[in-house]
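So you can see what is in the structure, the chains are spelled out below.
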Amino acid sequence: MQLPEDFIRETRLLMGEERFSRYMEAFHEEAPVSIRLNPKKISQRDGSFVISPMPQKNRPSVIPWCPEGYYLDGRPQFTFDPLFHAGCYYVQEAASMFVCHVLRQFIKEPVAMLDLCAAPGGKSTAARTILPEGSTLVSNEPIPTRAQILLENITKWGWENCIVTNNYPRDFRKAKAKFDVILCDVPCSGEGMFRKDPATINEWSLQNVEKCWRLQREIVADAWECLNPGGILIYSTCTFNTKENEENVCWIIDTYDAELLSIPTEPSWGITGSLLEGFDAPVYRFIPGITRGEGLFMAVLRHRGTVPGMRSAANFKGPVPSVLKCLTSDLPQGNYPQAGLSYFEALKYLRGEALVLPVDTPKGIITVTYKGFPLGPVKNIGNRANNLYPKPWRIKTTHLPTEEIKIINIQ
């Protein structure tokens, strides 16, 4: 894998020779694969479950900063697991799950939270799992096509009090929206994803780094106007350079009434602190080869202003931003009769094909399930059941497995 010479020069200088060597060695290893379980769905089940494929021998399976997260030994075909489509788990890079640990430290009562750049939904589904009951999460994505993917993933996750929006950050500022927690997982130059997604290498340049840190400050400026006094801003990137990370954090502190918050961690996690000379402050870097995951930077800041008390719902004093959908608890909505499907019947359903249900199945709208987990609706007309699964969500490949794919074995 050929990395840009400018990136190598800058990153070696930033990390130092020993740390940079460990990072480069990580390119010769397979990227870790990890999933995060949905406790709302898994914990509602009787019995137990096991994770398959089994974790690597003599290596911990549970992600230490996220007890819902598990490393897998290899990458299974998630597309052909109906439980994946049912929202029983989310496929997420391990370092990104650190947001779960952060929220657990500071959020103890219901809040209104905004995930400003949320697609495809990994950090949003993680956050909603951690937020106390009664909280509201607004998950926003400015790009319409990505917002639809976000809507799909939030819907399948199936938690209450989630709102998906399709707006630019400035729209929330203009609406005078107020939140207790704002996650700014900002667009970045993507240096931390080079191993996982080699296509990002071709998009990298020093000019793009310059473009990104300026855009990031614009996003934070809009977000800060929406943050309640006493509220929490989580700033996150998947890149390494200090311009997009520590230097932007310094700018936030210098520009706004903000203080950095310290997060308890364990040395065994392999998290690296600040790499900006003269800036010895609590920030958190995940570097492949040192931490078991991809590249991530995160800092947590508090608005120093007088705390008005946490709100459990978003507060808008101006025009309400464009809402794609308010979600309730599951898909489909409504108390419909259920019909269980076998593994290969479930795949047929997820591909959009019509089904034939048992003769005693009532006519009308039916929720089809796999191992008791809802997949979606059909309209049973007797001799067949017409497929009502949303077309954009359907499995599009013509290839099908010859045997059942199991990632979570429900027992």
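Conventions we followed
- Residues numbered from 1 in each chain as written.
- Predicted model: local features only at pLDDT ≥ 70, side-chain atom pairs only at ≥ 80, totals over all residues.
- Heavy atoms only, no water.
- Pairing = 2+ DSSP bridges.
- Helix = DSSP H or I, 4+ residues; strand = E, 2+ residues; numbered from the N terminus.
- Phe/Tyr/Trp six-rings, centres within 6.5 Å; stacked < 30°, edge-to-face > 60°.
- Buried < 20%, exposed > 50% of the residue type's maximum accessible area, 1.4 Å probe, protein only.
- Lys NZ or Arg CZ within 6 Å of the ring centre and 35° of its normal.
- Core = buried A, V, L, I, M, F, W, Y, C linked by side-chain atoms within 4.5 Å.
- Contact = heavy atoms within 4.5 Å.
- Axes fitted to C-alpha atoms, helices over the stretch in contact; angles between N-to-C directions.
- Parallel < 35°, antiparallel > 145°, perpendicular 65-115°, else oblique.
- Left-handed = near helix turned anticlockwise from the far one by under 90°.
- Nonpolar A, V, L, I, M, F, W, Y, C, P; charged D, E, K, R; others polar.
- 1 Å grid on protein atoms, 1.4 Å probe; cavity = no way out; pocket = protein on both sides within 12 Å on 5 of 7 lines; lining within 4 Å.
- Points joined across faces, edges and corners; volume = space filled by probe spheres on them.

## So, the sheet that holds strand S1 (residues 33-37)
Here's step 1: Within the open sheet, the 4 strands sit side by side as S3-S4-S1-S5. Their pairing is antiparallel. Each end of this open sheet is capped by a strand with a single partner; those strands are strand S3 (62-63) and strand S5 (89-91).
Here's step 2: Direction of pairing for S1 relative to S5: antiparallel, over a ladder of 3 bridges. Residue pairing in the sheet places Ile35 in a bridge with Val91 of S5.

## As for the packing of aromatic side chains
Here's step 1: For the coordinates displayed, the defined rule picks out 21 aromatic pairs.
Here's step 2: With a centroid separation of 5.8 Å and 40° between ring planes, the pair formed by Phe84 and Tyr89 is classed as tilted.
Here's step 3: The exposure class of Phe84 is partly exposed, given its relative accessible area of 27%.
Here's step 4: Taken together through their ring pairs, the aromatic side chains of Phe7, Phe20, Tyr23, Phe27, Phe194, Trp204 and Phe240 make up a single cluster.
Here's step 5: One Lys or Arg, Lys40, reaches over the ring of Trp159 and ends 5.9 Å from the middle of that ring.
Here's step 6: Directly above the aromatic system of Tyr168 lies the positively charged group of Arg170, at a separation of 4.7 Å from the ring centroid.

## Thoughts on the nonpolar core
Here's step 1: Residues Tyr89 and Tyr349 are the most contacted members of the largest nonpolar core, which totals 35 residues.
Here's step 2: Listed by contribution, the elements that provide at least two residues to this core are S1, strand S4 (66-72), helix H12 (343-350), strand S16 (364-370), strand S17 (373-380) and strand S19 (408-410).
Here's step 3: Not counting residues within four places of it along the chain, the set of residues in contact with Tyr349 comprises Leu341, Leu355, Val368, Leu375, Gly376, Pro377, Val378, Asn387, Leu388 and Tyr389.

## With respect to the packing of helix H5 (residues 98-106) against helix H6 (residues 122-130)
Relative orientation and spacing of two packed helices are given, respectively, by the angle between their axes and the distance between those axes.
Here's step 1: Between H5 and H6, whose axes approach to 9 Å, the crossing angle comes to 30°. In this view, H5 runs roughly parallel relative to H6, as classed from their interaxial angle. Note that H5 runs across H6; the crossing there is right-handed. Only Lys123, Ala126, Ala127 and Ile130 of H6 make contact with H5, whose side of the interface consists of Val99, Cys100, Leu103 and Arg104.
Here's step 2: Residues belonging to the contact of H5 with H6 are distributed by class as follows: 6 nonpolar, no polar and 2 charged.

## Looking at the environment of Ala26
Here's step 1: By the secondary structure assignment, Ala26 is in the loop between helix H2 (17-25) and S1.
Here's step 2: Taking the C-alpha atoms as reference, Ala26 lies 4.8 Å from Gly289; in sequence the two are 263 residues apart.
Here's step 3: Non-local contacts of Ala26, meaning those with residues more than four positions away in its chain, are made with Arg195, Pro288 and Gly289.

## A look at the layout of surface pockets
Here's step 1: Taken as a whole, the largest pocket holds about 1500 Å³ of empty space.
Here's step 2: If you trace the largest pocket, you find 49 residues lining it, with Ala119, Pro120, Arg146, Asp185 and Cys238 closest to the centre.
Here's step 3: Breaking the lining of the largest pocket down by element, the ones donating at least two residues are S1, S5, H6, helix H8 (169-174), helix H9 (199-203) and helix H10 (206-225).
Here's step 4: In terms of residue count, the dominant contributor to the lining of the largest pocket is H10 (5 residues).
Here's step 5: Split by residue class, the lining of the largest pocket holds 23 nonpolar, 11 polar and 15 charged.

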